[in-house]
Amino acid sequence: MTEHAIVAESLLKRYGRVTALRDASFAVKKGTITGFIGRNGAGKTTTLKIVSTLLDADDGTCHVLGDDVRKDEYAIRARIGFLPDLFELPPALTLREYLGIFTELYSIARGDRKRRIETTLQLTRTEELADRRLHALSRGEEQRVGLARALIHNPEILILDEPAAGLDPHARVELKELLRLLRERGKTIFLSSHVLADLEEICDELVVIKKGTVIFSGDIAGFRKQMRSTTRWRLTAVSRAISLPSGLRGEVVESGPTSIEFEGELTAAERARWIADLVARGIDVCEVTPLRSTLEQEFAKAVEEEEEMEAAS
Amino acid sequence: MTAILHYALLKGMRDKSTMIFLFTPITFVVASLLGVTLASGHPTFPFYYSLEWSPAQNASHVAFMATLCAVCFASLSSFWMFRSEVATNAMGSFILAKRPILIALAMNVYSSVIAVISWGIGVTAGIILTGAMPPDLSSLTVAVFIVSVAASALGSLTVMISAQPQMLIGAYCGSCLFLPFLVMQSNRPKVMLIAAATAVIGTTVATFLLERRCAT
């Protein structure tokens, strides 16, 4: 329990006849960035709201930093920062004033407020916005302001609902840098996103949800293993056709005039043997590239497999 | 609670809504007194609603009008102050930081204080313009205080039910129907108890709805 920041077990949530979550169980390790992925309507926002104590589950348990979300909601709220997918900022206030209000709301000692605001502004790179009124901000600026608000009380856990939605590539890079920095500082980050390429880059762990049921919770390597994914290797020669040595576990999936794509788990020794074999036959190998399937492809495969299983049953 | 009051004050001063709610009663009082005095063909000081009334009666009438105006606008200011936050679920960030009951209470305190101050401004203007003190000022002060709290609770309850701008009309009409009764009957303890009960029930239900809204 102690190594986990969030532990959810058998969560159930119904909205009338619609079951948003059923038997959803997962865990988020402390000090990690955990991505939460699923299609629209899969139950991500509902789960994040339950974890943030804003919504009660109909059944099941959820503990955040060891506290029960039903019994100790106020203790949890003081230790988490939550950024919803949609939020509005008060256009009449400056960012400094806005953050100042939240330092008061979180009862931060009067003497520490100014320092806390400056630290948060620096951390979220919003210093240039500090004295600007919160209107006519770009989506990226809004997200940074939202993050600044979520971080103002120095929470242990950050819960972010689609923070990358609508961000341009530059803003996404900045967001990823910030999240990495926060992880280095010991924060636990649990975020949902549809930008799986970004999640793949920064996440240590993954929770995959489909139609209200968590179908995977663990590290990304574990997800690939569960999906039985193998790496493709592309070998490219300078001018001559490449042949496949015997004894390799896997199959050729694509073959070009001077290249070959092989799918299978190749150890470093096996790769070296293959290359040496080709060189011995007078073929100059100029490139060996691993073509790992993307998280997006793995997720699509997971969803497809589940749907096939459902159809079969 | 002071943080929420600070937020409301900052926001209200910037978007000028606080000024509107503060100075509406005085505008009503001065405009109506001036209008009647000038229209009657005897534009003399002190101003009056009726030449047949004594200055004290005119002052009493002014105070009553200022009271009605202040308490009705208390519900409107309570509705308006956090309307956009409720409509956009921005309230979620507030209830993560403070208990919902404190937020609902702060909304009521803010609007009640605005109502009492605006009433004070209106009555002071009435006293100056009519040249007399209203005889029932002390009892009216108590009534304004209690009914403003009830009106604010109704305003916050209305915004929690729906933050659509058209609900403002509903809040105003409801206030105009219910609050004058409370003000007119304010000398009866039972009526003041109804006002206090309205404030408590309105705040409690508003708190409950606030939590529900933030969950959706």
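The preceding data block contains the structure.
Quantities reported herein were computed from a predicted structural model and do not represent experimental measurements. (Residues numbered from 1 in each chain as written. Chains lettered and ligands numbered in written order. Predicted model: local features only at pLDDT ≥ 70, side-chain atom pairs only at ≥ 80, totals over all residues.)

So, the interface of chain B and chain A
By a widely used convention, the size of an interface equals the accessible area lost when the partners come together. Listed by partner, the interface residues are 21 residues for chain B and 19 residues for chain A. Mapped onto the side of chain B that touches chain A, the elements with two or more residues apiece are α1 (2-14), α5 (91-97) and α9 (189-215) of chain B. A per-element tally of the side of chain B that touches chain A places α1 of chain B first, with 7 residues. Of the residues assigned to the side of chain B that touches chain A, the class counts are 9 nonpolar, 7 polar and 5 charged. (Contact = placed C-beta atoms within 7 Å. Helix = DSSP H or I, 4+ residues; strand = E, 2+ residues; numbered from the N terminus. Nonpolar A, V, L, I, M, F, W, Y, C, P; charged D, E, K, R; others polar.)

A short note on helix α4 (residues 110-123) of chain A
Residue and element names in this part refer to chain A. With 14 residues, α4 should cover 20 Å at 1.5 Å per step; its first-to-last C-alpha distance of 21 Å lies within 8% of that length. Buried within α4 we find Arg116, Ile117, Thr120 and Leu121. The inward-facing, buried residues of α4 abut α3 (95-105) and α5 (139-151). The positive-phi residue at the C-terminal boundary of α4 is Arg125, with phi of around 50°. (Expected span 1.5 Å × (residues − 1). Buried ≥ 20, exposed ≤ 12 C-beta atoms within 10 Å, placed from the backbone.)

Overview of the packing of helix α6 (residues 100-130) of chain B against helix α7 (residues 137-161) of chain B
All names here are of chain B. As a packed pair, α6 and α7 sit with axes 8 Å apart at the nearest point and diverge in direction by 135°. Judged by the angle between their axes, α6 and α7 are oblique. Between α6 and α7 lies a crossing whose hand is right-handed. Between α6 and α7, the contacting residues are Ala104, Met107, Asn108, Ser111, Ser112, Ala115, Val116 and Trp119 on the first element and Val144, Phe145, Ser148, Val149, Ala151, Ser152, Ala153, Gly155 and Ser156 on the second. (Axes fitted to C-alpha atoms, helices over the stretch in contact; angles between N-to-C directions. Parallel < 35°, antiparallel > 145°, perpendicular 65-115°, else oblique. Left-handed = near helix turned anticlockwise from the far one by under 90°.)

Describing unusual backbone geometry
Of all residues except glycine, most have a negative phi; of all peptide bonds, most are trans. Here the residue pair Phe45 of chain B and Pro46 of chain B is connected by a cis peptide bond, since its omega of -5° sits within 30 degrees of zero. The backbone of Asn154 of chain A sits at a positive phi, close to 55°, despite the residue not being glycine. Relative to the assigned elements, Asn154 of chain A resides in the loop between α5 and β7 (157-161). Overall, Asn154 of chain A belongs to the partly exposed group, with 15 C-beta atoms counted inside 10 Å. Even without being glycine, Glu162 of chain A reaches a positive phi, approximately 50°. With respect to the helices, strands and loops of the structure, Glu162 of chain A is situated in the loop between β7 and α6 (169-184). The class of Glu162 of chain A is buried, set by 21 C-beta atoms lying within 10 Å.

Quick look at the sheet that holds strand β5 (residues 67-68) of chain A
All names here are of chain A. Ordered in space as β2-β1-β4-β5, the 4 strands form an open sheet in which the pairing is antiparallel. Two strands close off the open sheet at either side, each with one partner strand: β2 (18-29) and β5. Against the sheet, helix α1 (residues 44-51) contacts β1 (4-15), β2 and β4 (59-64), and its axis sits at roughly 120° relative to β1. (Pairing = 2+ DSSP bridges.)

Focus: the pairing of β4 of chain A
All names here are of chain A. Pairing between β1 and β4: 5 bridges, direction antiparallel. Its bridge partner being in β4, Ala8 is matched across the sheet by Cys62. Pairing analysis gives 2 bridges linking β4 to β5, with the strands arranged antiparallel. Its bridge partner being in β5, Val64 is matched across the sheet by Asp67. Counting the residues that bridge the hairpin from β4 to β5 gives 2 residues, and of these Leu65 lies at a positive phi of roughly 50°.

Quick word on the packing of α6 of chain B against α9 of chain B
Residue and element names in this part refer to chain B. Direction vectors running N to C along α6 and α9 enclose 125°, while the axes themselves pass 9 Å from each other. Judged by the inter-axis angle, α6 sits oblique to α9. Remark: the crossing between α6 and α9 carries right-handed chirality. Residue-level inspection shows Pro100, Ile101, Ile103, Ala104, Leu105 and Asn108 of α6 in contact with α9, the latter providing Thr203, Ala206, Thr207, Leu210 and Glu211.

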